[in-house]
Amino acid sequence: MAYIQVAHKQRLDLLHRLQLLPQSKTPDTVLKWTQLDIDNAYLYNLPESIDRCTNVQQIYAYNNRLSSLPQSISNLPHLTVLILSCNAFTTFPITLCDLTNLEELDLDNNQLSDIPVDITRLKVLRVFSLSNNVFTAFPIALCGLTNLKELYLSQNKISGIPVDITRLKVLRIFSLFYSVPQSISNLTHLTVLKLSRNAFATFPIALCSLTNLIELVLSGNLLSDIPVDISRLKVLRIFKLHNNAFTTFPTALCGLTNLEKLDLSYNQLSDIPVDITMLTKLERLHLSGNKITHLPHQIKNMESLIRLDVDRNPLVQPPKDTAKRGLGAIKRYFEALTDTKAIQSSRIQVNLLGETEAGKTSISGTLQNGKSTLTKTADRTRVVEQGLWEAHEDETDQNIGFNINDFGGHDIYKIGHPIFISKLGLVFITFDLSKYDPEDKAHYQLYIGHWIDKVQAQMPGIQLALIGTHIDEVMIQHVENKCFAINKQHEDHLNKKKQWYQVQKKSIEKRIRETPKIQASLHQAYQSKSDKLQTLYDQMKPIHKDIFRVSSKTCEGVKVLQDYLISFSRRNAEVLPGMWVEAAKNICTKKIEGSENTLGWEMIKGLILQNAPTSWKEKNSKEETDRMICDILSFLAHRGDIIWFDRCPSLMKVVFHKQEVLVNVLKAVLSHDQDAISEKLQKSMKITGTKASTIHEDIFTRGIISKEAMGCLCEPFKLSSTEVDVMIEMMQTLELCYQVQDHEYLPSNTSFHFPWLLTEERQPELDTKWPSKVPPDTTQLTLQVLFPYKCPDGLYEKFSVRQHKYLGLMKTKRMDWKDGVYAEVKKCKMQLTRGAHQSNPDAVSQDPDWFISIAVRGSKLSDMWGVLAQSHHDLMNIIEEDWPGLPYDKYLMCPHCVSENSEHPYHFPGEILDLTLRAASKLRQVTCVNTGVSIPADLVYPPHLAMSWQEVLQIEKPRLCEKITEPCLKDMLNKFLEEGIITLREDEMVRAEPPQHHDQTSTTTVVCPEKTAVFLDILKTRGDEAFDLLRKCLTENGQSDLASLLR
Ligand SMILES: Nc1nc2c(ncn2[C@@H]2O[C@H](COP(=O)(O)OP(=O)(O)OP(=O)(O)O)[C@@H](O)[C@H]2O)c(=O)[nH]1
Ligand SMILES: [Mg+2]
């Protein structure tokens, strides 16, 4: 990093020195420069001495404050590329007209409104970029640049194009904004035309004359139809029409038989005609964000198609989950639909949650049996019980069914709902109306409020409703009064949440006002904090407005509940191939009748293929059949019929079709019930009494379960040894525990650490490793993540498990206690803690705030930021994956206040850690508002924020060149070209680089450092979107390690 910054700076310094000594000899190094990078340097002027670099061919001076150029620049005879985008030019620097060898000139993002006639002296200019300036008329002088191949004029306010433009005979790429005059039809050589983000409500008919067009972009307009004449564009390959106003598919498009890419996403389309199959060369079809319910099954015959995006559509055929699995799955689904009968089917998961004795099991039984079913008082539901209710209301409802999950009291939340609750399901918070006392303030929170909070934190979009039971024990008038009161309390609850967000927002706005303008990164961080809050706020989905009032004794109100369920189910029905429905039935039968704990792959295969037609079986290879099995399993898991972990290759081969098996094991292992565990251990056939007490001690003081002990705990459930292994694997996949090997060379001594089970307080001996006051030669970086009402069960534990990946298999580097971990990572010390404090003075409620804090101590800041950043990244990922609706607030504590042991350390926004790009200003000092002390900026900003992304790219260039594979690079070139970030010419330039000699045999791992280097150099001259796309492409191509290198 330092090297590059210094190199840039040195060059500028050198030039400035030469400027002061006009008579001096030009140093050799200066003469050697062929490229001059002086971008992002806050320059108001370039030095007059620039003409000393007589051999320079390319100057990159974008993102400065330039409004004029030194006359001397015209003395650079070899200059061919000059990049001056993002500066402050208001008039065209006339001196440029002397640079007669210039081939590429970029003046994007300035304030130009005219181009002088003298421009025509640039006889060899091929690329001219003038986007995002303030032109109101087409600069007529451009018509004299007869060698121009690419002209960019988008995002201006140009209202017409002169006839003279036809003089640009070799123009191939033209991008423009605002309007299309008839005269455009004269540009018959045009191959690429971009007219996005205008307000065209009708299709500019003149475009149909541009018969050489290869790419046409009309996205972001108001189009709703396409004329038949479009078929004149015989060679059109790419057509972008996203974000328009199409409500029906423009059938004229079906005449564009050479189309390879069609983007119609974010319109209002509800249908896709069969005629789409006429587009036989179509490779990519983008239809996200429409109103499509059915895709035609002929889509499976489109052989060229390699990508089909249909997310964000109310799909019924194929089901959403199948569509999400990609084109292959969609094609397999339609294959099966053609071979077997299509069946309209709906199976909804109904989840009953609520305090113990709420009446969950009783209402579940009443629904299933169709008559009053009351449990006995002693019949406590342990964790979860599953039931099935098939609604046979009339002939048409044959395939309407419900998987009812009846959860027991509290326990389940500790294990993690997302395993059991499908996002497509319904959640009912159940409570006993007879016990509910609206006058008692605690009742609402206990029986309803905190359940809603928990469910919404984990599954923000899920449909929630309330069921009040025991109405037979309450007078009708009281039922009404209580429900009225509950609705009111719920409204207050909601308002309180909203208020929390408002208070947060206000406090951020205040901080934005208080932060000096110069601290741009801080501004940016506060802004993202405010945006994030808005997203969370918008995610809050209202619950069903009516409370269902039922009695499982008299069945009163049950019909209303049933009707609601059936209508919900009808709204969510999907079209399924007959063989899928049969497969689901066979698996369900196993659930009820079979004795298996889990289903292995061969068994699943048997069950699924049992009813498949022979013709279908003969047609499909083994691989194809396996893929279809995965499609079906994914679909069944998605709607809650089975539990299946498709993310993990070894677990993929096992289906947990009986929830209770999984639940029993989890409960046996995670239970805090010491007596129950003791009993299990003592009963075990495999261990002695003494051993049992050691194991017991291990579990309850150190949270450690050896593999052997795990076997003992699972014994009562009669699992095979493979099943025990699978369970262990599953617990690791769910990050309930991490594996530790006591002796490096003794793999048999494997044990599993469950942060859940820890009961010990922080070990006093840790005070020497991590004293409460930061030692004088040490710095501490601290991130605190605050949760307004409660730290969700399991969040800290999962986070603690995830940290293990940095610590290897040996446990010596970490010490755990009930609410914390101390670890030594990469020459730093780290302490993670969980706790509660009453710190937020703005808090709406007087409940304490919960926090998870990550503190890193060390002496080398770059290492420390690395450690903090990776833990922060883990914690954020966990929240995003498992608690996407959880409100939180994060801070970086002022390191100065922390080292002073200040009681109220100043809080910098934790969103600083989310910033990927440095904002405009580079700071050396930041002020701690609490103490007024200036502290070095690198104590508050991670090192990458001290650099622009271009600098990061430059530093990482060697590594990127060494690692980016050729297929990845090719894919990137396509995408950058598609997005218009690089030009066709540049694409060719990269591809033209000679390939490297390499010994690798596999084509997928071949790298091409030279091509990559050229590509990266081009990117450095582009806007921020280039960097974002680069990281996205790397991730998509399985090179996410490189993407994170660029964070
Ligand atoms: N009178 C009356 N009794 C009910 C009703 N629903 C449930 N009960 C009784 O209330 C008690 C608890 O009901 P359950 O259905 O077992 O409650 P639960 O929510 O499943 O309880 P846990 O499984 O412990 O979480 C049992 O004694 C039921 O017989 C009802 O609507 N009316
Ligand atoms: Mg129950």
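Small disclaimer: the values here were computed from a predicted structure and weren't measured.

Novice: Can you break down the overall build of the protein chain residue by residue, with the values?
Specialist: Regarding its fold elements, the protein chain presents 30 helices and 34 strands. Taken against the 2.2 N^0.38 rule, which gives 31 Å for 1047 residues, the C-alpha radius of gyration of the protein chain at 33 Å falls within 12% of a compact globule. Expressed along its principal axes, the backbone C-alpha trace of the protein chain runs to roughly 100 × 75 × 65 Å. Relative to its full complement of 1047 residues, the protein chain shows a buried share of 55%. Contacts spanning at least 24 positions in sequence make up 56% of the contacts within the protein chain whose residues lie at least 6 apart. Element-wise, carbon and sulfur atoms account for 52% of the exposed surface of the protein chain, whose accessible area totals about 45,600 Å². Across the protein chain, the 119 positively charged side chains and the 126 negatively charged ones have centroids separated by 2 Å.

Novice: Let's hear about the sheet that holds strand β29 (residues 828-837): which residues, and what values?
Specialist: Taken together, the 7 strands give an open sheet; going across it, the order is β27-β28-β29-β30-β26-β31-β32, and neighbouring strands pair in antiparallel fashion. In this open sheet, the two strands that pair with only one neighbour each are β27 (814-817) and β32 (907-909). Averaged over all pairs of adjacent strands, the angle between strand axes in this sheet comes to 20°, irrespective of strand direction. Both strand β26 (residues 779-787) and strand β30 (residues 849-858) contribute to a ladder of 9 bridges, which runs antiparallel.

Novice: An account of the environment of leucine 259 is needed here, citing residue identities and associated values.
Specialist: Along the chain, leucine 259 turns up in the loop between β10 (238-240) and β11 (261-263). Residue leucine 259 is classed as buried on the basis of its relative accessible area of 0%. Here the alpha-carbon distance between leucine 259 and isoleucine 238, two residues 21 residues apart in the chain, equals 6.0 Å.

Novice: Help me get a handle on helix α26 (residues 966-978), residues and values and all.
Specialist: Taking 1.5 Å per residue as the helical rise, α26 with its 13 residues ought to reach 18 Å, and the 18 Å between its terminal C-alpha atoms agrees with that figure. Within α26, 10 of the 13 residues are buried, which leaves the element mostly enclosed by the surrounding structure.

Novice: I'd love a proper account of the nonpolar core, names of residues and values included.
Specialist: Formed by 133 residues in total, the largest nonpolar core has its most connected members in Ile59, Phe128, Phe174, Phe239 and Leu262. Those elements that provide at least two residues to this core are α1 (2-20), α4 (327-339), β20 (574-577), α11 (578-593), α12 (601-609) and α14 (622-638). Examining the composition of this core, we find that 7 residues originate from one element, α14, more than from any other. Setting aside residues no more than four positions away along its own chain, leucine 262 makes contact with Phe239, Leu241, Phe249, Leu253, Leu279, Leu282, Arg284, Leu285 and His286. Grouped together as the second largest cluster of nonpolar side chains are 67 residues, Val479, Ile695, Leu719 and Met731 included.

Novice: So what's going on with the pairing of strand β28 (residues 820-825)? Which residues, and what values?
Specialist: Counting buried positions over the 6 residues of β28 gives 5, a clear majority of the element. Bridge analysis of β28 against β29 gives 6 bridges, and the strand direction is antiparallel. Residue tyrosine 822 lies in a different strand from β29, and its bridge partner there is glutamine 831. Connecting β28 to the next strand, β29, in antiparallel fashion are 2 residues, including lysine 826 with a positive phi near 40°.

Novice: Talk me through the pattern of salt bridges; I want residue IDs and the actual numbers.
Specialist: Taken as a whole, this structure holds 44 salt bridges when the rule is applied. Linking aspartate 816 and arginine 814 is a salt bridge whose minimum nitrogen-to-oxygen distance equals 2.8 Å. Within the structure, one salt-bridge network assembled from shared partners comprises Glu735, Lys798, Arg802, Glu881 and Asp882.

Novice: Go over the pairing of strand β14 (residues 342-353), please, and point to the residues and values.
Specialist: Among the 12 residues of β14, 10 are classified as buried, and the element is accordingly described as predominantly covered. In this sheet, strand β16 (residues 400-407) lies alongside β14 in parallel orientation, the contact comprising 7 bridges. Within β16, the residue paired with glutamine 349 across the bridge is asparagine 403. Direction of pairing for β14 relative to strand β17 (residues 426-432): parallel, over a ladder of 4 bridges. From the neighbouring strand, asparagine 351 faces β17, where its bridge partner is valine 427.

Novice: Give a detailed account of the state of the cysteines, specifying residues and quantitative values.
Specialist: Per the stated rule, a full pass over the model turns up 0 disulfides. Of all cysteine sulfurs, the one in cysteine 254 lies closest to cysteine 208, which takes part in no disulfide; the gap is 15 Å. For cysteine 208, a relative accessible area of 1% translates into the label buried. In this structure cysteine 555 is a free cysteine whose sulfur lies 18 Å from that of cysteine 483, the closest cysteine sulfur available.

Novice: For helix α19 (residues 707-714), give the residues involved together with the corresponding values.
Specialist: Along α19, 6 of the 8 residues are buried, which leaves the element largely enclosed by surrounding structure. Listed in full, the buried residues belonging to α19 are Ala709, Met710, Gly711, Cys712, Leu713 and Cys714. Considering only its buried residues, α19 is in contact with α16 (659-670), α17 (674-683), α18 (689-702), β23 (704-706), α20 (721-733) and β25 (750-753).

Novice: Before we move on, could you go through the sheet that holds strand β24 (residues 738-741) and cite the residues and values that matter?
Specialist: Taken in spatial order, the 3 strands make up an open sheet running β23-β25-β24, and their pairing is antiparallel. If you trace the sheet from one side to the other, it starts and ends with β23 and β24, each paired once. The sheet shows a mean angle of 35° between the axes of neighbouring strands, taken without regard to direction. Pairing analysis gives 4 bridges linking β24 to β25, with the strands arranged antiparallel. Directly across from glutamine 739, in β25, lies its bridge partner phenylalanine 752. Sitting on the sheet, α19 is in contact with β23 and β25, with an inclination near 85° to β23.

Novice: Account for the side chain of glutamine 489, naming residues and giving values.
Specialist: Checked against the element boundaries, glutamine 489 lands in helix α8 (residues 476-514). The buried category is assigned to glutamine 489, whose relative accessible area is 18%. Only 2.8 Å separates the side chain of glutamine 489 from the side chain of tyrosine 436, close enough to count as a polar contact. Setting aside residues no more than four positions away along its own chain, glutamine 489 makes contact with Tyr436, Pro438 and Tyr444.

Cut-offs applied
Residues numbered from 1 in each chain as written. Chains lettered and ligands numbered in written order. Predicted model: local features only at pLDDT ≥ 70, side-chain atom pairs only at ≥ 80, totals over all residues. Heavy atoms only, no water. Helix = DSSP H or I, 4+ residues; strand = E, 2+ residues; numbered from the N terminus. Rg over C-alpha atoms; globule rule 2.2 N^0.38 Å. Buried < 20%, exposed > 50% of the residue type's maximum accessible area, 1.4 Å probe, protein only. Contact = heavy atoms within 4.5 Å. Areas by Shrake-Rupley, 256 points an atom, 1.4 Å probe, with all protein chains shown as cover. Lys, Arg positive; Asp, Glu negative; His and termini not counted. Charge placed at Lys NZ, Arg CZ, Asp CG, Glu CD. Pairing = 2+ DSSP bridges. Axes fitted to C-alpha atoms, helices over the stretch in contact; angles between N-to-C directions. Expected span 1.5 Å × (residues − 1). Core = buried A, V, L, I, M, F, W, Y, C linked by side-chain atoms within 4.5 Å. Salt bridge = Lys/Arg side-chain N within 4 Å of Asp/Glu carboxyl O. Disulfide = S-S within 2.5 Å. Polar contact = N/O pair within 3.5 Å; in protein donor to acceptor, adjacent residues only side chain to side chain.

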